[in-house]
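Architecture at a glance
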Amino acid sequence: MEKTVKRQRILVFVLAFALGVCFFSINDLKTSLENRDNNLNNQIQNLRNEINGIYGNVDEMLRKKASLLTSFDYSYGKLDEKTMKVPVSVRIIPKVVNESTALTLDLGDKKIPMVKGENTEFTADFLSDLFLGSQEGNAKLIITNGNTLETEELDWYISSLHSSYLPFLVSYLAFDKTTFTAENGLIVSGDIISVSDDEDLKKVKSVRLIYKLNDKITEAEEIFPSKDRRFDTIDINKSFPEAKEGDVFELLQESEDQYGFIHRCTIKKLTCTLPDEDGLSETVEAVKEGEIILDKDGNILYQ
């Protein structure tokens, strides 16, 4: 009897040991398979990146081959803070140049003839308003050779000239807990976070939040300069008990930069809607991303 019990104990020990070995072996195998899977995924991603790089290089080669130009570059000078004018220099070399070749820059609201140099280079040097271009999109080049006229879109987004000198002042609402009920009206809650970098924030003179219901200002709150809080992250919790179903609410941010221009962005826009049976309400309206820039008189300079 004692021998049988001893054998059973030995057998249990051996089985437990074997089970432990199997467990660790399976874990090692699982880890090995996961590592191989990760390595395979990394290799696949690297291959995709290489293929995308090849496609990108091919696209660039085809673009250059199809281009009418050998080279193109532009540069901006120092902003005159009194006149708000910017010196602009443009240099272009067409692939084909003859005695009748003439180049003209098309900037949307103005056309600027370019001057032909001694060789095949054409230049244009002019003073521009800070807000160059009345149209969205890139500048264009008009090339005439006798009776032949050709155009090419330049790699020059003319509407963004001001961004080389002015800050980009835009914020969004994070951790949004906004609610609307018939009993409590509208409660706007969350953290306003600025996407502007430190250099942009240094150029800010003042910032205020504007709360509007049905296009009427209900409150305007100056949040910068402030001694007790930073401008780049601000928590808000505002109640509007007068809000009714169907009312349109807007939260705007208006910032004044170092030159007195006003940068306006829409942080949140919604139509007050009662919750459905699941407690959800689809209230958010689409807003224009980015900023609108105005002068002191409220005239829109960029949008």
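Below: a short report on this structure. Quick caveat, the model's predicted, so the values are computed rather than measured.

Cut-offs applied
- Residues numbered from 1 in each chain as written.
- Predicted model: local features only at pLDDT ≥ 70, side-chain atom pairs only at ≥ 80, totals over all residues.
- Heavy atoms only, no water.
- Helix = DSSP H or I, 4+ residues; strand = E, 2+ residues; numbered from the N terminus.
- Buried < 20%, exposed > 50% of the residue type's maximum accessible area, 1.4 Å probe, protein only.
- Contact = heavy atoms within 4.5 Å.
- Areas by Shrake-Rupley, 256 points an atom, 1.4 Å probe, with all protein chains shown as cover.
- Core = buried A, V, L, I, M, F, W, Y, C linked by side-chain atoms within 4.5 Å.
- Pairing = 2+ DSSP bridges.
- Axes fitted to C-alpha atoms, helices over the stretch in contact; angles between N-to-C directions.
- Phe/Tyr/Trp six-rings, centres within 6.5 Å; stacked < 30°, edge-to-face > 60°.
- Salt bridge = Lys/Arg side-chain N within 4 Å of Asp/Glu carboxyl O.
- Lys, Arg positive; Asp, Glu negative; His and termini not counted.

1. A closer look at the overall build of the chain
- Assigned secondary structure in the chain consists of 2 helices and 18 strands.
- Every one of the 303 residues in the chain was classed for burial, and the buried ones make up 32%.
- Taking contacts inside the chain between residues at least 6 apart in sequence as the whole, the part at least 24 apart equals 59%.
- Carbon together with sulfur atoms contributes 52% to the accessible area of the chain, which is approximately 19,800 Å² in total.

2. Some remarks on the nonpolar core
- In this structure, Leu 105, Leu 130 and Trp 156 are the most contacted members of the largest nonpolar core, which totals 29 residues.
- Contributing elements (two or more residues each) for this core: β2 (85-94), β3 (101-106), β6 (122-129), β7 (138-145) and β8 (148-157).
- Beyond its immediate sequence surroundings of up to four residues, Leu 130 is in contact with Leu 79, Met 84, Val 86, Leu 161, His 162, Tyr 165, Leu 166 and Phe 261.
- Leu 213, Leu 251, Ile 267 and Cys 272 belong to the second-largest nonpolar core, a separate cluster that totals 23 residues.

3. Details of unusual backbone geometry
- The backbone of Asn 214 shows a phi angle near 55°, a positive value even though the residue is not glycine.
- The topology assignment puts Asn 214 in the loop between β12 (204-213) and β13 (216-224).
- Of note in the backbone geometry, Asp 215 takes a positive phi value of approximately 70° without being a glycine.
- Inspection of the secondary structure puts Asp 215 in the loop between β12 and β13.

4. Digging into the sheet that holds strand β16 (residues 262-271)
- Taken in spatial order, the 6 strands make up an open sheet running β13-β12-β15-β16-β17-β18, and their pairing is antiparallel. The open sheet has two edge strands, β13 and β18 (300-302), and neither has a second partner. Strand-to-strand, the axes of this sheet are offset by a mean angle of 30°, without reference to chain direction.
- The pairing of β16 with strand β17 (residues 292-294) spans 3 bridges and is classified as antiparallel. Pairing of His 263 across the sheet is with Ile 293, part of β17.

5. Considerations on the packing of aromatic side chains
- According to the stated counting rule, one finds 8 aromatic pairs in the structure shown.
- Residues Tyr 211 and Phe 240 carry aromatic rings whose centres are separated by 5.8 Å and whose planes lie at 40° to one another, so their mutual orientation is tilted. Of the two residues, Tyr 211 is situated in strand β12 and Phe 240 in strand β14 (residues 233-240); the sequence distance between them amounts to 29 residues.
- We classify Tyr 211 as buried; its relative accessible area is 0%.

6. Some remarks on the sheet that holds β2
- Strand order in this open sheet of 4 strands is β1-β2-β6-β5, and the pairing throughout is antiparallel. Only two strands of the sheet have a single partner each, and these edge strands are β1 (69-76) and β5 (115-116).
- As paired elements, β2 and β6 share 8 bridges and run antiparallel to each other. Following the sheet pairing, Val 90 is matched in β6 by Ala 124.

7. Remarks on the pattern of salt bridges
- Following the criterion strictly, the structure yields 11 salt bridges and no others.
- The salt bridge partner of Asp 129 is Lys 85, with a shortest N-O separation of 2.4 Å. Taken together, the positions of Asp 129 in strand β6 and Lys 85 in strand β2 put the pair 44 residues apart, joining distant regions of the chain.
- Classification of Asp 129 as partly exposed rests on a relative accessible area of 37%.
- Ionic contacts of the salt-bridge type, sharing partners, join the residues Arg 208, Glu 254 and Arg 264 into one network.

8. Some details on the environment of Ala 243
- By the element assignment, Ala 243 lies in the loop between β14 and β15 (248-257).
- Along the sequence, Ala 243 and Asn 184 sit 59 residues apart, while their C-alpha atoms lie 8.7 Å from each other.
- Residue contacts for Ala 243: discarding those within four places in its chain leaves Phe 180, Gly 185, Leu 186, Leu 213 and Cys 272.

9. Topic: the pairing of β16
- Note: β15 against β16, 9 bridges, orientation antiparallel. Opposite Leu 251, over in β16, you have Lys 268 as the bridge partner.
- Linking β15 to β16, which pair antiparallel, is a turn of 4 residues; within it Gly 260 sits at a positive phi near 90°.

10. As for the side chain of Glu 250
- Tracing the backbone through its elements, the reader meets Glu 250 in strand β15.
- For the buried Glu 250, no salt bridge exists, and the shortest N-O distance to an oppositely charged side chain is 4.4 Å, to Lys 212.
- Sequence-distant contacts of Glu 250, defined by excluding residues within four places in its chain, comprise Ile 210, Tyr 211, Lys 212, Asp 215, Lys 268 and Lys 269.

11. Thoughts on the environment of Glu 222
- Within the fold, Glu 222 resides in strand β13.
- The exposure class assigned to Glu 222 is exposed, which follows from its relative accessible area of 54%.
- Spatially, the C-alpha atom of Glu 222 lies 4.0 Å from that of Arg 208, the residues being 14 residues apart in sequence.

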